[in-house]
Amino acid sequence: MELVLRVCLLVLLLDAPWFWFQRVPLQALCGLGLLWPALARDPRCWALLTILTGWPLFWNWPFSDNHDYLRAFLALSVTLALTSAEPQRTLRTSARLLVGGTFFFATLWKVVLSPDWLDGTFFRVTLLSDPRFHDLAVLVGGASWQTLDDFDAALTAFLSTGTGWPGAFVEPPGLRPLALALTAFTALIETGIAAAFLWPRLARVRNVLLIAFGATTFAFATVRGFGFLLMALGLAQCKDDERRARIAYVATLFLIEAYRSVPWSRMLIDALGLS
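Residues numbered from 1 in each chain as written. Predicted model: local features only at pLDDT ≥ 70, side-chain atom pairs only at ≥ 80, totals over all residues. Heavy atoms only, no water.

### Notes on the pattern of salt bridges
Short version of the rule: The term salt bridge refers to a pairing of a side-chain nitrogen on Lys or Arg with a carboxyl oxygen on Asp or Glu at a separation within 4 Å. Partly exposed describes any residue whose relative accessible area lies between the buried limit of under 20% and the exposed limit of over 50%, with all areas from a 1.4 Å probe on protein chains only and scaled to the type maximum. Secondary structure elements follow DSSP: runs of H or I no shorter than four residues count as helices, runs of E no shorter than two count as strands, and numbering proceeds from the N terminus.
Applying the stated criterion across every chain yields a total of 13 salt bridges. The salt bridge partner of R44 is D42, with a shortest N-O separation of 2.9 Å. Taking relative accessible area as the criterion, D42 reaches 17% and is therefore assigned buried. As a salt-bridge pair, K110 and E190 come within 2.9 Å of each other at their nearest N and O atoms. Within this pair, whereas K110 is found in helix α6 (residues 87–112), its partner E190 is found in helix α11 (residues 175–198), the two being separated by 80 residues in sequence. Three or more residues joined by partner-sharing salt bridges are found here, namely E2, R6 and R41.

Rendered as structure tokens:
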């Protein structure tokens, strides 16, 4: 429980809201909690953290990121756990349900409600339009930097004039298979995580699936805040005898930060002469 509280405080400190008047009070309280363990175990501290993570959702409405809501739910879960008769068990259950619910609705939205995601259209566009995925498009999808520039020019012209699309842009032949592979992988692993965290019979694979998701997805989709929260929740739902899983969650949390900080994919592109 001590480790979970410290990791949760660290995650809240590193993934604070954007505006300074929302960020500074939250980071200050998290810093104090990291310095004084008694404060980290105090439910009043976490109640205040719940307020500090929750009120920006109303202030920024409706522009908060998806994981901003998960951040507030994490703080609320710790608050409720510390006021219960069995804090560790309560927090473990809350964390498991938050992870399971998050991936259940993610799967529902992608696989059931969004046909343009399931047929690969989402990743075909994202690989070309989202700078975070450009390195992957070059490394695996057969795209070049000129391809990305051509797509951007064609898309800009189309949005400005409503003409010139799609004939002005030729999609690299390797991009569609990559997009379909990413679609299939995402659908399978997110469905698997939802099932494992919500269905007790699949409990044995919970940690493997969530850690694999963190170690792979955030290599390119560098939304470190979401990754941090998932690893913290995964850590919180671990049982007492799952020591290796706890170590793996903490290690993956730092791996996600390394993905964002180290330009490893660009270095690989340069080493392979694809630049």
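### Topic: unusual backbone geometry
Residues W61 and P62 are joined by a peptide bond in cis, for which omega reads 0°. Of note, P62 is situated in the loop between α4 (43–59) and α5 (66–82).

### Focus: the packing of aromatic side chains
Going by this rule: A pair of Phe, Tyr and Trp rings is counted when the ring centres sit within 6.5 Å of each other, with Trp represented by its six-membered ring. The angle between the planes then sorts it: under 30 degrees is stacked, over 60 is edge-to-face, the rest tilted.
Taken as a whole and assessed by the stated rule, the structure comprises 13 aromatic pairs. Their ring planes at 35° and their centres at 6.2 Å tell us that F21 and W55 sit as a pair that is tilted. Of this pair, F21 sits in helix α2 (residues 20–35) while W55 sits in helix α4; the two residues are 34 residues apart in sequence, bridging distant segments of the chain. Take W55: its relative accessible area is 28%, and that puts it in the partly exposed class. Joined through ring pairs, the aromatic side chains of F19, W20, F21, W55 and W59 make up one cluster.

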